[in-house]
Amino acid sequence: MGTAERQEALEDGVTARSTGEGEAPARSSAPKAAGFEGPRAARATAEQREYARPLWIEEPARRRRLPDPVRTAAVRAVLIIAVTLIQGTVAFLCTMAGSWLAFPMVISSVVSTVVATWGVLDVWVTRQMWNQRNGVVSEPSSTARALRRERRRAQRQAKATRRAQERIARKSGTGQLSHS
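Asks: Would you take a moment to explain the overall build of the protein for this structure?
Replies: Looking only at helices and strands, one finds five helices and zero strands in the protein. Evaluated residue by residue, the protein yields a buried proportion of 14% over its 180 residues. Within the protein, contacts between residues separated by at least 24 positions form 60% of all contacts whose residues are at least 6 apart in sequence. Total accessible area on the protein is roughly 15,400 Å²; 59% of this is exposed by carbon and sulfur atoms.

Have a look at this one:
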């Protein structure tokens, strides 16, 4: 696409937008020379195009939102890890400076690392627990479905046979003293 074609496409796009809003098309009265209107017209169309552009385009979320307990555990873990990293950095700097604070900071960094590991494991356990309680939709395999269907059919057959036997026993009159 050459410069003249780009200019025409740009002008057509601005004209279509401006006529769609009820305004008159923005065209200059100066004659065109080989498809070029000049820098002033190009600047005006660029300004019009800039105002017509939306601020953002909404896109659908790629993944579902985490459940509240899992998200809470994740936020807690991120905060603990951030504090651990800060403590590690301060311990390193205090060690390099030869400060008396270096030893307590190293000890607290080790303890904080253990706590951060616990935080990450807490996120994992909370997620697994949530999936087991609420999120898992299990579909039985075709063999399990067939076995269950066969078992139900056998139970229905046994129930129908039992009812038929009871009906026969009631109609035949066995156990009655008189047959009148």
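Asks: Can you help me understand a nonpolar patch on the surface in this one?
Replies: A cluster of nonpolar side chains, contributed by Phe103, Ile107, Val111, Val115 and Trp118, occupies part of the molecular surface with about 510 Å² of accessible area. Examined against the element boundaries, Val115 turns out to sit in helix 4 (residues 102-135).

Asks: Help me understand the layout of surface pockets, please; the structure alone is not making it clear to me.
Replies: If you roll a probe as big as a water molecule over the atoms, it shows you where there is empty space left. Reported here for the largest pocket is a volume of approximately 380 Å³. Lining the largest pocket are 10 residues; nearest its centre among them are Arg64, Arg65, Leu66, Pro67 and Arg127. The element contributing the most residues to the lining of the largest pocket is helix 4, with four residues. Its residues assigned to classes, the lining of the largest pocket comprises four nonpolar, two polar and four charged.

Asks: Could you clarify how one ought to interpret helix 3 (residues 68-97) in this entry?
Replies: Because an α-helix completes one turn every 3.6 residues, residues spaced three or four positions apart along the sequence face the same direction. Its 30 residues give helix 3 an end-to-end C-alpha distance of 43 Å, which sits within 8% of 44 Å, the value for a rise of 1.5 Å per residue. Regarding helix 3, the residues found buried are Val70, Ala73, Ala77, Ile80, Thr84, Gln87, Ala91 and Cys94. After helix 3 finishes, the residue Gly98 shows a positive phi value of roughly 75 degrees.

Asks: Can you help me understand the side chain of Gln87 in this one?
Replies: Assignment of secondary structure puts Gln87 in helix 3. Only 3.1 Å separates the side chain of Gln87 from the side chain of Ser112, close enough to count as a polar contact.

Asks: Got a minute to help me understand the side chain of Ser112 in this structure?
Replies: Tracing the backbone shows Ser112 in helix 4. By relative accessible area, which is 10% here, Ser112 ends up buried. Discounting residues that sit within four places of it in the chain, Ser112 has contacts with Ile80, Thr84 and Gln87.

Asks: Sorry, what's going on with the environment of Val114 here?
Replies: Relative to the assigned elements, Val114 resides in helix 4. For the pair Val114 and Thr84, spaced 30 residues apart in sequence, the C-alpha to C-alpha distance is 9.5 Å.

Asks: What exactly am I supposed to notice about the pattern of salt bridges here?
Replies: Oppositely charged side chains can pair when the atoms bearing their charge come close. Following the criterion strictly, the structure yields two salt bridges and no others. Salt-bridge contacts for Asp68 lead to Arg71; the nearest nitrogen and oxygen are separated by 2.3 Å. With Asp68 and Arg71 both in helix 3, this residue pair falls three residues apart, about one helical turn. Asp68 sits in the partly exposed class, given a relative accessible area of 47%. A salt bridge links Asp122 to Arg76, with the shortest nitrogen-to-oxygen separation between them at 2.7 Å. Taken as a pair, Asp122 in helix 4 and Arg76 in helix 3 lie far apart in primary sequence, 46 residues in all. A relative accessible area of 18% places Asp122 in the buried class.

What counts, and where the lines are drawn
Residues numbered from 1 in each chain as written. Predicted model: local features only at pLDDT ≥ 70, side-chain atom pairs only at ≥ 80, totals over all residues. Heavy atoms only, no water. Helix = DSSP H or I, 4+ residues; strand = E, 2+ residues; numbered from the N terminus. Buried < 20%, exposed > 50% of the residue type's maximum accessible area, 1.4 Å probe, protein only. Contact = heavy atoms within 4.5 Å. Areas by Shrake-Rupley, 256 points an atom, 1.4 Å probe, with all protein chains shown as cover. Patch = residues over 30% accessible without salt bridge, like charges linked within 9 Å, V, L, I, M, F, W, Y side chains within 5 Å. Salt bridge = Lys/Arg side-chain N within 4 Å of Asp/Glu carboxyl O. 1 Å grid on protein atoms, 1.4 Å probe; cavity = no way out; pocket = protein on both sides within 12 Å on 5 of 7 lines; lining within 4 Å. Points joined across faces, edges and corners; volume = space filled by probe spheres on them. Nonpolar A, V, L, I, M, F, W, Y, C, P; charged D, E, K, R; others polar. Expected span 1.5 Å × (residues − 1). Polar contact = N/O pair within 3.5 Å; in protein donor to acceptor, adjacent residues only side chain to side chain.

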